[in-house]
Amino acid sequence: MNPKQTDRRRFLKNGAALAGLAIGASASALPAAAAAEPALEKVDELHLYGERSHFVTDVRNGSINNPERRLKDEAVAFGLRTPMQDSVGMITPSPLHFTISHSFEPPDIDPAEHHLLIHGMVDRPLIFSVDEIKRLPFVTRFHFVECHGNSSPRGPGGDARVAVNATPQETHGFTSCSQWTGVLLSTLLKEAGVQKGATWIIAEGADEPKHSKSIPIGKAWDDALVAYGQNGEPVRPEQGFPLRLIVPGWQGINNVKWLRRIDLVDEPYMAMMETSRYPSMRLDGKSRWFEFELGPKSVITRPAGGYKMPGPGFHEITGLAWSGAGAVKRVEVSTDGGHTWKDAQLHDPIARKSHTRFSAPWTWDGKETVLLSRCTDDQGTVQPTIAEVAKLWNADIDFLLKTQQVVGDFNAIQPWKVNADGSVQNALV
Ligand SMILES: Nc1nc2c(c(=O)[nH]1)N[C@H]1C(S)=C(S)[C@@H](COP(=O)(O)O)O[C@H]1N2
Ligand SMILES: [Mo]
């Protein structure tokens, strides 16, 4: 053994005792933590499945309707947003993945009892156990999930996002990104043998109201997957344990959680959520049905609403960008309210239909200004301004911001105003 190492070990070994002697008199100045020793089982438990530091306190926020009804096993709708302001990298920690469930607590499903049925216009109706799904060839891919009400002035979550003091969590927290592992839906469809004339699939969840969604079959052949893994562990209960559909780049509602049935059919089914709650309203009072792909979007997560600049000087700007059409090709950042733009750095991994982390250096001169970010995807589509969104929908900006109607897939550029006192505010309103 290397004598140096031995010395070092001895030093470490004796270190505690030496330190104890040295501190002696000032021991009362130490935090009390060491005094109360937790029970041994408790310590073991902590190490068996870790917890984050108790100094880290970010949580999802939003609404759980009628929580008291939960006790009576009645309907409880969830809309809880991801805290984006302190996010780093492009993966959302699973316990902070946003969650939307229209009714009831996430079902408590025993994976040993769970099955996925594939039937309808197929040659061989099939029933898979979760274990049987796991025996099949799999893919592992980064994909975001985004509710199409995310960042819309009037989507799920109400008024919070149009407040001047809104944080990125409140404006954009209905999207998250995970590394999903599962079986391509096309693999399962090939096993079942799809009959001619089958043009849609109806995916159904095992939650109390049986959330169902009609999806054109082309997407099933393309890149939809039945996921059982999320960020290296089983999909979380809030995200659809033990099986969920991932429909990359398409509106969140398609990503059916607690997936238990896929019916192959020759027309869409007009399921409750896709026809009642989620269509986007047109100015003439009619609604658009069956919109799918999400447009390019980005948001600066820091400095952003709710942040306080510590003072003039250097501050790296950072944020997230994504597109339902493919990969993020470019993100530009403006630190002068849109007069000039500079290319931000895109950080690896840069995956298709996934969040991409960007950053740009900035030296703040202490004066009031507005920060903006603009995403361009690999199809060449550029994230629009709110004026461009209004033009597209033949509406005025006031209508977009003040109407009670839910407007779909609102991907306008998000402006953050930095005030001279260092406070940062939502400048969309
Ligand atoms: N079974 C089931 N699947 C569902 C829902 C639901 O309520 N039940 N909500 C949908 C909606 S509207 C969205 S935006 C996404 C949210 O996925 P997440 O909760 O994993 O973030 O799940 C979709 N899949
Ligand atoms: Mo949603």
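Per chain, residue numbering runs from 1 following the sequence as it is written. Working convention: letters from A go to chains and numbers from 1 go to ligands, in the order in which they are written. In keeping with the model being predicted, local features are shown solely for residues with a pLDDT of at least 70 and side-chain atom pairs are shown and tallied solely at 80 or more, while totals for entire chains, interfaces and linings include all residues. Just so you know, side-chain values use all the structure's heavy atoms and leave hydrogens and water out.

Enquirer: Could you clarify how one ought to interpret the nonpolar core in this entry?
Expert: Burial of nonpolar side chains together is a common tendency in soluble globular proteins. Formed by 33 residues in total, the largest nonpolar core has its most connected members in Leu116, Ile118, Leu185, Leu188, Leu245, Leu259 and Leu264. Note on conventions: DSSP H or I runs of at least 4 residues are helices, E runs of at least 2 residues are strands, and numbering of each starts at the N terminus. Those elements giving two or more residues to this core turn out to be strand 4 (115-120), helix 4 (130-134), helix 6 (185-192), strand 8 (200-205), helix 7 (217-222), strand 10 (225-230) and strand 13 (259-265). Contact between two residues is taken to exist if any of their heavy atoms lie within 4.5 Å; hydrogens are not considered. Residue contacts for Leu264: discarding those within four places in its chain leaves Ile118, His119, Gly120, Met121, Val122, Leu189, Val194, Ala198, Trp200, Ile201 and Ile217. In terms of nonpolar packing, the next biggest core, distinct from the first, is built from 26 residues, Ala321, Trp322, Val333 and Trp416 among them. Nine residue types can take part in a nonpolar core, namely buried Ala, Val, Leu, Ile, Met, Phe, Trp, Tyr and Cys, and a core is a set of them joined through side-chain atoms within 4.5 Å. Three labels apply to residues, based on accessible area from a 1.4 Å probe with only protein chains included: buried if under 20% of the type maximum, exposed if over 50%, partly exposed otherwise in between.

Enquirer: How should I be thinking about the packing of aromatic side chains in this particular structure?
Expert: Two measures describe an aromatic ring pair: the distance that separates the ring centres and the angle between the ring planes. Whether two aromatic rings pair depends on their centres lying within 6.5 Å, for rings of Phe, Tyr and Trp, where Trp uses its six-membered ring; planes under 30 degrees apart make the pair stacked, over 60 edge-to-face, and the rest tilted. Going through the model one piece at a time under the given rule, you end up with 7 aromatic pairs. Aromatic pair Trp200 and Phe292: ring centres 6.4 Å apart, planes at 50 degrees, arrangement tilted. Remark: Phe292 occurs in the loop between strand 15 (287-288) and strand 16 (297-302) and Trp200 occurs in strand 8; sequence separation between them is 92 residues. When its relative accessible area of 16% is taken as the criterion, Trp200 is described as buried. Residue classification places Phe292 among the buried positions, given a relative accessible area of 13%. One aromatic cluster in this structure is built from Trp200, Trp250, Phe290 and Phe292. When the ring centre of Trp341 is taken as reference, the NZ or CZ atom of Arg374 above it lies at 4.0 Å. Sitting over a ring, as applied to charges here, requires NZ of Lys or CZ of Arg to be within 6 Å of the ring centre and within 35 degrees of the ring normal.

Enquirer: Sorry if this is basic, but what is going on with the sheet that holds strand 13 here?
Expert: Strand pairing in a sheet takes place through backbone hydrogen bonds and is either antiparallel or parallel in direction. The 5 strands are arranged 5-4-13-8-9 in an open sheet whose pairing can be described as mixed. Each end of this open sheet is capped by a strand with a single partner; those strands are strand 5 (126-129) and strand 9 (212-216). Taken pair by pair, the neighbouring strands of this sheet meet at an average axis angle of 15 degrees, ignoring direction. Relative to strand 5, strand 4 runs antiparallel, the two being bridged by 4 bridges. From the neighbouring strand, Ile118 faces strand 5, where its bridge partner is Leu126. A pair of strands is considered paired only if DSSP assigns at least 2 bridges between the two. Axis angles are defined between N-to-C directions and span 0 to 180 degrees, where every axis is a line fitted to C-alpha atoms and, for a helix, only to the segment in contact.

Enquirer: Help me understand the site of ligand 1, please; the structure alone is not making it clear to me.
Expert: In the region of ligand 1, 21 residues are neighbours, and Phe98, Asp207, Arg244, Lys257 and Tyr278 sit closest. Between ligand 1 and His97, the relevant distance is 3.2 Å, taken from an oxygen atom to a side-chain nitrogen or oxygen of the residue. Interatomic distance of 3.0 Å between a backbone N/O atom of Ile100 and an oxygen atom of ligand 1. Throughout, the Shrake-Rupley method with a 1.4 Å probe supplies accessible areas, and for residues the shown protein chains are the sole cover considered. Notes on ligand 1: free accessible area 540 Å², of which the protein chains cover 100%. The element contributing the most residues to the shell around ligand 1 is strand 3 (residues 99-101), with 3 residues. A single heavy atom is enough: if one lies within 4 Å of a molecule or strand, its residue is considered near that molecule or strand. Two N or O atoms form a polar contact when they lie within 3.5 Å of each other; inside protein one atom must be a possible hydrogen donor and the other a possible acceptor, and for residues adjacent in sequence the pair counts only when both atoms belong to side chains.

Enquirer: What is the right way to read the pairing of strand 18 (residues 317-322) from this model?
Expert: On any regular strand, side chains alternate: one points to one face of the sheet, the next to the other face. The element strand 18 is largely enclosed, with a buried count of 6 among its 6 residues. Neither face of strand 18 is left uncovered, since the one carrying Ile317, Gly319 and Ala321 and the one carrying Thr318, Leu320 and Trp322 both have all their residues buried. As defined by bridge partners, strand 16 adjoins strand 18 across 5 bridges and the pair is classed as antiparallel. By the bridge assignment for strand 18, Arg302 is matched with Thr318.

Enquirer: What am I meant to see in the sheet that holds strand 2 (residues 78-81) here?
Expert: A sheet is described by the order of its strands in space; here 3 strands give the open sequence 1-2-3, paired in antiparallel fashion. What marks the edges here is a single partner per strand, and that holds for strand 1 (61-64) and strand 3. Between one strand and the next, the sheet's axes are offset by a mean angle of 5 degrees, whatever the strand orientation.

Enquirer: Sorry, what's going on with helix 6 here?
Expert: What sets the pattern is the α-helix's 3.6 residues per turn: residues three or four places apart point alike. Those residues of helix 6 not exposed but buried are Leu185, Ser186, Leu188, Leu189 and Ala192. One side of helix 6 holds all its buried residues, which, seen down the axis, span an arc of 160 degrees. Once helix 6 ends, the next one or two residues include Gly193, with phi positive near 75 degrees. Relevant arc is that of directions from the helix axis to the C-beta atoms, nothing else.

Enquirer: Where do I start with the side chain of Gln414 in this structure?
Expert: Topologically, Gln414 is positioned in the loop between helix 10 (397-402) and strand 25 (416-418). Residue classification places Gln414 among the buried positions, given a relative accessible area of 3%. Within the local environment of Gln414, its side chain forms a polar contact with the side chain of Asn426, the two groups lying 2.8 Å apart.

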